[in-house]
Structures are given as structure tokens and as C-alpha cells.
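# Structural overview
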Amino acid sequence: MAWAKKVMRVNLTTGRIGSEPLNMDWAMQYLGQRGLATKYLTEEIDPKCDALGPDNKLIMTTGPLTGTMASTAGRYSIVTKSPLTGCVACSNSGGFIGAEMKTAGWDMIIFEGKAPKPVFLHLENETAELVPADEIWGTSCWHADEWIHRKYQDPLMRIAVVGRSAEKGCLYAAVVNDLHRAAGRSGVGTVMASKNLKAVAIRGTRGVGNVRDITAFMAAVQKGKKVLADNAVTGQGLPRFGTNVLMNVINEVGAMPTRNMREVQFEGSSRISGEAMHEPRESDGKPNLVTNAGCFGCTIACGRISTIDRGHFTISNKPQYWGASGGLEYEAAWALGSDAGVDDLDALTYANFICNEDGMDPISFGSTVAAAMEMFAMGVITKQHTGGVELKFGSAEALCWAADVTARGEGFGLELGLGSKRLCEKYGHPELSMTVKGQEFPAYDPRGIQGMGLTYATSNRGACHLRSYTVASEVMGVPVKTDPLVTEGKAELVKAFQDATAAVDSTGLCVFTTFAWTMEDIAPQIDAACAGGWTAQKMLETGERIWNLEREFNLAAGISGKDDTLPDRMLKEAAKTGPAKGKVNNLHEMLPKYYEIRGWGRDGIPTNETRKRLGLKSGGLAA
Amino acid sequence: MLKALQIEPEKCTGCLQCELACSFQAEGVFNPSKSRIKIFTFHDEGRFVPYTCTQCSEAWCMHACPVEAIVFNDRTGAKEVLADVCVGCKVCTIACPFGTVNYDQDDKVAYKCDLCGGAPECAKACPTGAITYVDADHTGLARMRAHAAKTANVGASA
Amino acid sequence: MQHVIIGAGPAGVIAAETLRRLDPGASVKLVGDEQEPPYSRMALPYYLFDRIQEDGTHLRKQPDHFSRNGIEVLRARVTAVNTKARRLTLDGGKELGFDKLLIATGSHPIRPPIPGMDLDGIFSCWTLADGRNIAKRAGKGSRVVLMGAGFIGCIILEALAMRGVKLTVIEMGDRMVPRMMNQVAGGLIKKWCETKGVGVHTSTRVESIEKSGAALKVRLSSDKVLDADVVISATGVRSNLEFLGGSGIETDFGVKVNDRLQSSHPDVFAAGDVCQGRDFSTGEYSVQAIQPTAADHGRIAAANMAGRSVRHQGSVNMNVLDTMGLISTSYGLWMGVPGGESAELRDTDRYRYLSLQFSGDHLVGAQSLGLTEHVGVLRGLIQTRVRLGRWKDRLLKDPTRIMEAYLGCTQALGHNAGVLA
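Here the structure is a predicted model, which means the values were calculated and not measured.

From N to C terminus, chain A includes 24 helices and 17 strands. A compact globule built from 623 residues would reach a C-alpha radius of gyration of about 25 Å, and chain A, at 22 Å, matches this within 12%. Each principal axis of the C-alpha distribution contributes one length, and for chain A these read about 55 × 55 × 45 Å. For chain A, the proportion of its 623 residues judged to be buried stands at 68%. Taking the contacts inside chain A whose residues are at least 6 apart along the sequence as the reference set, 68% of them involve residues at least 24 apart.

Below is the structure:
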């Protein structure tokens, strides 16, 4: 029933690989992917464990729809304890490897322990082996990808891999799959590298069957595809301009974090926007964008495939970057662009290539560079630290240099790899770190979009837009328009988005479908595929259960309600321009209400009543 | 009027919906590795190219088959593998100069596109119109056929 | 017009059908010397391990296929050809006249000159009758010695193994399938067979075979002696030319033909294993003895017999072989050409191998192990002499990208999924 019902357990310490049945009782409560893997993680590790020690586990997980024909159903997640935040980390990625893993017959792979020497997992249907990775350790994701493909003489093998940044301990290293897709946030790549696991290479030829009611499923899938095609965002905006369609929109709303979030509008936004990626360059007359691209099964195809001007200073003598590769998404364009004050589209594309090539989260990287630039402007970080580089806001050269050295874990790059929180603490200015629970902010200033303040403050993985994307409502009017500058109703909005997103992240579907799909579109697809009676209501309950379980993990890990806050800059320094001019984020108006409707105490801890209602352990995980 | 698959690679996003639809139709599971149509990715160039059997008139596969397991469907123009007749000798797979006849190591038979009996699922599933099923004269298959003819020993005369 | 075809294998049958189509008013006679309806030797191994019944080997499945198509099938052996009188002599003394004649008599297994080859229990594996005999004698647990690890030998290996016999293979060459695969690939096939429990002796000859009770003793050049219940000889094949003695038709290894598959006599043509036709890759005339070439020959010879002028541009030598589940292919000048570049990938642990041979900027030969997808495109690349341009460098770097190279070189492709204005 859509699930493969098989879990692979790989003990890296002993080299033992085993197969076990998927816990279907848990699947009925947590569905799959984000929810189900979090359940496994909470059952199997001590939340207080060292994220980079052998006691942490790393779970690569698919959802029940992953690998089916439902639109966007190629997603997988990596669930582990984050070294960046200490929270539960769940990073979701598209591309093709998730579907490949499912097609090979596996719902989940649980990696535990630590390999004595670098290895990679080679998985072909029922056969899996750990293979020495000495020859690719110390090389980039792209190099390792090519090397493994060559070794197995199989262009269709799908590979997820960590780069040099992860090996060198960069705390926001990503797991890169299919060259330019990534489980990007929270340092899941760092965990993988800490286990001496360089890559996972998968070839699946068994297929995904087991659909509960195939006729109903195909009908629901067909209907869902039509809804996506007919919707202005998923049918036109995203395929044409990608997520970077937001660049100009968010800038006009006055929620474009700029120069380490000192400002809320960026004067260069139109030069780095989705529209700008279409415009012919002066030098060679070609646009940055080559084509859009879809992940597995995706009928939206928001992906960007871009090139850099061959004459640009970043690559004029590096022909290896002359070809096309994954281009700028909105978050990367913002983090590398406006947050660093850089408006050079080619430079941003280069830095983005480097983030893909060596596996770094461009959001955390860009934000960290922005914080470093602010400290450079203050004279706290100097050319002595940077080896002579002028780390100035607006400097494309500095940005690209920072990308290079952080990707390779060289010199000052090692410090940038610490992330904004630790870097700012190290240089004595923790207030300059634009983070929550240690994770860097994404591209929506909570002074201009109030709901995003609550989103960031309460996100279970630290600051993140993908835990409750209230921008949809507050800016785009999906499903209903709310005023971005008011706080009223935002607690309810955030909770609803958090629960729905947790459910969608557990299906194998892409959260971008929810620009067009409601739970009423999604639930019939799940229900037709899976046993368990998956109504929209049950989906939302499941989402709430997942949200609370993640919260329990974090509480048991020592993170508390006190950490549900924002940097002072968001709470005290008013926006200087735009519609939000004069505003700060009024988190205090939203948080108590949020706790209340969550069924949590004032300390931010779920009450035992709430726990009981959701089927969670009384007294929390530690009990 | 015979119809044929028209492929416009410039519209393809590489999403594999066609491969999913094809494998589901042919095998009853979602399994791109068993699809009769394949998307080839030219990563460096940002191009995706769907590719499958053109049902070429030379029918190398059909003529190379030693046991008459590949037959001509005169309603659709497709050359179809009869799985229960195929012995699995694989001669068709090496004989097809387009590389569009493959061997299934699980089922031990050759397989290829059969146009789904006249209603190709790949075309129905394609979200961008990169694969359509249209009157054969409109497909631009002439170009591919011309190329095929270069392979021909017999050409059009036999 | 009287068309007579000698030989009811693939070349003969395809020629007969082609003649029927191109020359509707003519008489078409197909003369075969085996008792069965026309069948395929390619299918014999599958018959041997009971995947198919005898009728599964038949070239055409409808029992009345030939009569319905106005093709007369005669069971007879041709003993002589009189080109002046345009008459054939059949066994039993009957004669048969023709206006145009196609010689498609195929080939026969070589019988190596070894003492004891005439003992009971020694078979070829060439005809359906051979297949029946082997199936009868080689059962579970039988000790079987297979002489020759060429194409035929390898293709029946699996059939024998699946019958549960205890199998040993003796090959004179230094590797398996030496005329199809190089050292690396042939060596890998050997290793593969050994891991499957087959004894393989390469660089070894059979010196003699002796009777020993109900069994046989096979003496090897290594002085080793093997006990066997059944010995199968698969040491190669030779064109069936004997009956052409005195006909004046020029022969060499096979019937010599021009590029219209016409023999030294203008009304006599040849096709298939008996035809020394043009090799696409070398430009020389040789006997290829493979199914796709037989099919090419049959169609082209028939077209010329029917009065059309169709040139045979040469057949690409190609083979595909399934040795106990390890699939190998070879194409054209797989051994390479002097001064040509080559690309090679090998993964000996997983029995995967790919080798490409280039001459200038086109592909001229290839070998593969374990490749089952899009393999035919190797033929396309070789036979259309595609100019690879920049794709050659890419293939040198990553030879697995053959399909991309083909598409990249032959299709003018647009960009950008239609989203760019």
C-alpha cells in the first residue's frame, strides 16, 4: 500500500546491513517521511546525544507517495539531530534519488554508528554494500558523483553525497543529490560526514506498486495535476520564473532582509530577480536561465538551470563552470544577494554553483557571510582574519571568495563554516547573528511579514520558512489574504500552516503544491494509495502529532520555550523603509496565543492533556 | 491516417511523468527503469530529450527476430514484441540502430514501445506537450527516418 | 519466373517472403533438408532448457504460413547445381529447374580431427535433432564436457547448466569467446562461469576421447583426463559448399559475391552463413554467420533476384551472448584499429565492461558486458558513421554516454522548455 514496508538498517561501526519491516502501527500515526522518521529517531536516540557523535543516527526516508505518479512525488527527507541547532533536523529534497530508493524497495535507510574509514553505500534493489570511499573522500560532491557513476558504468544511478564542507565540519553542510538538489538545512550533511559516510548511490528497478486502490489513485492524481496546471502560481509563475519570482514582490512588501537584516529593502533586487534571469546579458546576449526543470514526477517544474557568463571574473579561467547547472532559487538569490548586498547575478550564480558543488546550505552560508560582513564593517573582523580580503557588503569578489574557502574548508572558510551564531559569539557580537535556535533566517523579514516572526520563533528546526509559510497568506493571499502587518490571527495561521506542512512533508509530495492544493486535494491521493482512511482531517491531526513530537524531541534535547524568540534586531530595531517602516516584529503579541491554541503551557511545553489527545507519551520523551 | 509520437525536446522538463505512465501501462507498477520511453539528460546544456521507438519502416528489430516474436500492428503501425513468443535471444536489441529495444533481465524478454495500442500513455501524461500523438505526416519524423535510411542496406526499395 | 532458394534458415525464409512481395507472379520454392518446418538455431538453447517447445523454435508460427503465401517448401537435399542448364539435382535423383537461384545453405559444425570423435555420446549442438539428443542424454547430474567456448558453446552453457549437469568447458583460445571479446571481457566471462560452478580450461585442447565403460574419457593437452557422460562439440562452423563442386560457382570460405550478393554466375545469389559478403567495417568479404546479417542478406539478395538493383553496403559484425546470465555484446572492429583511440571502463567485481573503439571521430567497434539498455545504438553510431565531434571527447571520458552522444549528434535540439519568451 504505497509503502514498501521495508527499512534498511546500516550499522556503519560494524558494517552490518540488515532489513526489517516498517513499523506499520507508527505509519498509521505518522504516515511516512518527516513524521515517521522522526518517530523512529525519537525512539532510537537520546535527544541529548552529540549530533556529530556515533550515537546520533541519520535517517534517509521517503513518503508513501514517493515514486508514484502523483505530481511532485519524488521527495525524500533526511532526519537526524542537527549539529547546528541541537534540534531535530528534517531536510527535504527533490531530484530523483528519493523515488529511486523507493523503486529499489525501501521506505527508509537508518544509518547508525560511525564507519572506521570513509565509505559509501551502494544499493541496488535488494543488494546493499558499504564500499571504501578513500578515493572520493576530500573531493567535491560533483567529483564524487561523477566518480561513482563511472565506477558503476551506470548513468542512471542516483547519488546523494556530501562535499568537502561537510568533511571539514561546516555546520550547515547539505546532502546534495542529483548534482543540484539538496537536503539543505540544519547541517544534515555534516552529520553524514561525521559518520564517515560520503555518499549513498542507488539504483532501483523493482518499481512502486502496492497502491491500495489504483483506479481511485489515478483519478485523484489526474485531478490534482489539473489543479496545479490551472493555478496561476503552480501553472505559470513557478515554471516561468521559479521561486525567484518572489524577489521583486517581497522587496515591494518591504520584507526583503538586506545587509544582515539591517534593512528591509534591497536597491539591487530587480537585478537578481527571477525576471532578471530571463534577460539577455550584455556580454554574450544569452540569459542566465537556460531552462526550467522538474524533479521526479513534478508537473510544476520550478527548477532553474542556469549558466554564468564565461567572461565573468568568477569563471573566465575555470572552464569546468562554463556549462549549465542548478541556478538560483529565491532563498539562495536572497541570501547570497541582498543579505550580502551583492547584485551581480553571475556572482550569485557562481556562489550557488559552489554551494551545490560542495554541499552547503546557501541560506545559512549567505547569512553567515552577511554577519561577517557587518563585523568587518565594524572592524571586528579584519583583513588579518580574512587573509587580505575586503569582506565588504556589496563585494561580489568577497562573496565568491567566501564561497570558495568555505566550500573547501580552508582558512577563514572554517570560521564561516561555524554558522552565524557561533561566528558572532566568537567575535563577541552575538546580537548580530540573525538566527533562531542557531539556524539562520531565510528571506522574509518578520518586521514586514508578522506571521513569519512567529514562524521563525517556533520552528522546530530553528529559523525556517518551510515550517509554516505564512507568506502564502500574508503576501499572496493563499488560501486567504491576511494583512502582513498585523499580528491578530497569526497564531492560528501559523499553527494551521505548521500542521499542514508537517503532514505534506510526510507524504512524498512537494510543499510547493500547496500554492494550489489544499488538504482536500492531497488527502484523496494519500487515501487512494494507503490503508488507514486518510481524510483531510486525519492528515491535519497527523501533522499536529508530528509537530508536537518534534517539539518533544527538542524539549528533551534541552531546548525550551525561552528559545522561542527572535534576535533583538527584529524585536527592537524598526524597519527603515517600505510599507513596514517603523515596525518591529510583535512576537509577544502572538506567542502566548500560539502556546494556548497548541495546547501547551506558558512554558511552551505540551500539556499532558494535549499529549494524550495526540497519543504522545505522558510527561514527554524524557519520561 | 497513421498517427505517431511527436517529440519536442525543447518543451521537456525532465520530470519523468512519461516514464511513470509508460511503465505503469506496461508493467502495472511505477518503474521508470522499465519504461519504453526514456528521458536523456544533457546536464551541462540544460536539455532533456525524450526518446523512444519511431516505429521505423526498416523495422530492424522485426527482421532480426529469429522466431517471429516481433510483429507489425497494421492499425497503429507499431512493431510489437509478443512476450510469450520471444525466447529472449536479444538479437533485436543489438540490431535496432536507435537503441530503443531493450532486454528485461527479470522477465527475460525484449521490450519496446508499442504505442499502447494506439493511445500512448506517455503523451497523455506529459505536462508540457513535449510528447504528443499526432498525424504521422506532421511529426518531423522524416528527419529521423532519413537518418535511419543511412543505416539501411536495403533502403526503401525492398 | 522460377525462384528457387536452397536452405530454409532465416536467410532463405526472409528471401522467400521478400520475393513473394516483390515478384507476386513468380514461383518461389524453398528447399530445405531438415524434416522440421523452418526453425531458428538461435532458439535452440531455449528449447534445451525447456523454456519453449519445439514449435517455439519455428521461424514462422502459422502452420500454413508458407502455403498461404504461395511459397512451396520442398524437403530435399540438393546434391549438385548445374548453372548452364539451370537445374538442381536433388537427393534421390530428382531435378528442379530455376531461373534465379539463392544459395542459403548455411553452415555446419566443424568436427575437430580428434581420435574418438565418432564414439557414441558425442554431439554437436546445431540442429533441432542434436538438441533432442542432448536433452535426452544430458540430465541432472550428467557429466558433460563442452569442447569450444565460442559463440555457440557459450550460448548453450546456460541451457546445460539449467539442466543440472556437471559441466566442464575446454577452449583452445586463451579466453572465452576469443573471436568476439578481448582478453579482459573474455577473461571476465570465464571467471563468471567458474563462480557459477562450471569448470573452464582455456589454452587447452582435447587430445583424444576414449570409451570407458558406459562413459567417456576425455584427454586434455594438459594431460588431465576428464570423465564424461556426454561430450558436446562446438568448435566452430563452416559454410555448406560441398554440393557446389563442379558448378563453376566461385567459392572461398563461402560463396563469393559482389555487392548485389550475386555469385560468379549472374543468376545465382547467396545469403547468410554460406555467403562471403561484404563486412561493413573492414570493407572485405567474409563469412559472418550471424542472424542479423542473414536477415540483411536475405532481403537484399531477394530484391536483386526480383530485378531491383539494391546494393549491400556491408553488414556490421555484431553478436550478443548470454552466458549464464552475463550478457555480452560486440560490434564491428571491437579489437580496435591502428592509431585509433579507445575508451574503456571496467568493473571486474560486478562483471561490467565497456570498450569503445574510434577511428578518427567516429565509432568503429565496441564491446560490452552487462549492458542491456540502448545497446543497439552502438550499431547506429557505427553504421551511420556519425561524426562525433565534441562528443568523442565526452565518450573518451565517459563511454556510458553512448545514447546521449547519438542524440546529441543526430538531433538538432532546442532549448528551454518553452518558458523563455
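Let us keep going from here.
Residue and element names in this part refer to chain C. By the assigned domains, chain C splits into domain 1 (2–108 + 237–305), domain 2 (122–233) and domain 3 (325–420). On a C-alpha basis, the centroid separation for the pair domain 1 and domain 3 is 34 Å. If you look at the interface, domain 1 gives 4 residues, while domain 3 gives 7 residues. In total, about 430 Å² of surface goes out of reach between domain 1 and domain 3, with carbon and sulfur atoms giving 60% of it. By the criterion of area lost to domain 3, the three top residues of domain 1 are Phe280, Ser281 and Asp296, representing 89% of everything that side buries. Linking domain 1 with domain 3 are 1 salt bridge. The shortest N-O distance in the salt bridge between aspartate 296 and arginine 379 comes to 4.0 Å. Inspection of the domain 1/domain 3 interface yields 0 residue pairs in polar contact (both at pLDDT 80 or more).

What follows deals with the sheet that holds strand S3 (residues 57–62) of chain A. Residues and elements named next belong to chain A. With mixed pairing, the 6 strands of this open sheet are ordered in space as S2-S1-S6-S3-S4-S5. Strand pairing shows two members of the sheet lacking a second neighbour, strand S2 (16–21) and strand S5 (88–93), which therefore form its edges. Each strand of the sheet is rotated relative to its neighbour by a mean of 15°, with strand direction disregarded. As defined by bridge partners, strand S1 (residues 6–11) adjoins S2 across 6 bridges and the pair is classed as antiparallel. The partner of arginine 9 across the bridge, within S2, is glycine 18.

Let's shift gears to unusual backbone geometry. Note that the residue after valine 478 of chain A, namely proline 479 of chain A, is joined by a cis bond; omega there is -5°. As for its placement among the helices and strands, proline 479 of chain A is situated in the loop between helix H18 (471–474) and helix H19 (490–504). Phi angles above zero are rare outside glycine, and alanine 59 of chain B is one such case at about 50°. Along the chain, alanine 59 of chain B falls in the loop between strand S3 (47–51) and helix H2 (60–64). You will see that leucine 115 of chain B, though not glycine, has its phi angle at about 60°, which is positive.

So, about the domain arrangement of chain A. Residue and element names in this part refer to chain A. Domain annotation of chain A identifies domain 1 (6–203), domain 2 (258–433) and domain 3 (445–614). When each unit is reduced to the centre of its C-alpha atoms, the spacing between domain 2 and domain 3 is 28 Å. Taken together, the 13 residues of domain 2 in the interface contact 14 residues of domain 3. Interface area for domain 2 against domain 3, summed over the two sides, is near 1100 Å², with a carbon-plus-sulfur share of 57%. At the junction of domain 2 with domain 3, the criterion picks out 7 residue pairs in polar contact (both at pLDDT 80 or more).

Many descriptions give the size of an interface as the accessible area lost when the pieces come together. Between chain C and chain B, the residue contacts involve 65 residues of the former and 52 residues of the latter. Carbon and sulfur atoms supply 56% of the area that chain C and chain B bury against each other, a total of about 4900 Å² over both sides. Linking chain C to chain B there are 3 salt bridges. Note that aspartate 322 of chain C and lysine 90 of chain B form a salt bridge whose closest N and O atoms lie 2.9 Å from each other. In this structure, the connection of chain C to chain B is made through 14 residue pairs in polar contact (both at pLDDT 80 or more). Mapped onto the side of chain C that touches chain B, the elements with two or more residues apiece are helix H1 (10–22), helix H7 (291–305), strand S22 (318–323), strand S23 (326–332), helix H8 (377–383), helix H9 (390–397) and helix H10 (402–410) of chain C. Of the residues that constitute the side of chain C that touches chain B, the class distribution is 24 nonpolar, 26 polar and 15 charged.

On to the interface of chain A and chain B. Taken together, the contacts link 37 residues of chain A with 22 residues of chain B. On inspection of chain A and its partner chain B, the count reaches 1 salt bridge. In this structure, arginine 206 of chain A and aspartate 106 of chain B form a salt bridge, with 3.6 Å as the shortest nitrogen-oxygen distance. Summed over the shared surface of chain A and chain B, the number is 9 residue pairs in polar contact (both at pLDDT 80 or more). For the side of chain A that touches chain B, the secondary-structure elements that each account for two or more residues are helix H7 (214–230) and strand S13 (289–293) of chain A. Per-class residue counts for the side of chain A that touches chain B are 17 nonpolar, 16 polar and 4 charged.

All names here are of chain B. Summed over the entire model, instances satisfying the criterion amount to 11 cavities of 30 Å³ or more. Along the wall of the largest cavity there are 15 residues; nearest its centre are Cys12, Cys15, Cys18, Ile39 and Cys126. For the lining of the largest cavity, the per-class residue count stands at 10 nonpolar, 4 polar and 1 charged.

So, about the sheet that holds strand S15 (residues 225–228) of chain C. All names here are of chain C. One open sheet accounts for 3 strands, arranged S13-S14-S15; its pairing is antiparallel. Lying at the two open borders of the sheet, with one neighbouring strand each, are strand S13 (206–212) and S15. When the angles between neighbouring strand axes are averaged without regard to direction, this sheet yields 25°. Two strands pair when backbone bridges link them, and S13 and strand S14 (residues 215–220) are joined in this way by 6 bridges, in the antiparallel orientation. Within S14, the position partnered with serine 208 by the bridge is arginine 219.

What follows is about the nonpolar core. Within the largest apolar cluster, 198 residues are counted, with the highest numbers of intra-cluster contacts made by Ile250, Phe365 and Tyr444 of chain A. Setting aside chain neighbours within four positions, we find phenylalanine 365 of chain A in contact with Tyr172, Leu336, Cys355, Met360, Leu399, Ala402, Ala403 and Thr406 of chain A. Phe123, Ile156, Val165 and Val230 of chain C belong to the second-largest nonpolar core, a separate cluster that totals 102 residues.

Scoring rules and cut-offs
Residues numbered from 1 in each chain as written. Chains lettered and ligands numbered in written order. Predicted model: local features only at pLDDT ≥ 70, side-chain atom pairs only at ≥ 80, totals over all residues. Heavy atoms only, no water. Helix = DSSP H or I, 4+ residues; strand = E, 2+ residues; numbered from the N terminus. Rg over C-alpha atoms; globule rule 2.2 N^0.38 Å. Buried < 20%, exposed > 50% of the residue type's maximum accessible area, 1.4 Å probe, protein only. Contact = heavy atoms within 4.5 Å. Domains from an automatic or database assignment. Buried area = accessible area lost by both parts, 1.4 Å probe. Salt bridge = Lys/Arg side-chain N within 4 Å of Asp/Glu carboxyl O. Polar contact = N/O pair within 3.5 Å; in protein donor to acceptor, adjacent residues only side chain to side chain. Pairing = 2+ DSSP bridges. Axes fitted to C-alpha atoms, helices over the stretch in contact; angles between N-to-C directions. Nonpolar A, V, L, I, M, F, W, Y, C, P; charged D, E, K, R; others polar. 1 Å grid on protein atoms, 1.4 Å probe; cavity = no way out; pocket = protein on both sides within 12 Å on 5 of 7 lines; lining within 4 Å. Points joined across faces, edges and corners; volume = space filled by probe spheres on them. Core = buried A, V, L, I, M, F, W, Y, C linked by side-chain atoms within 4.5 Å.

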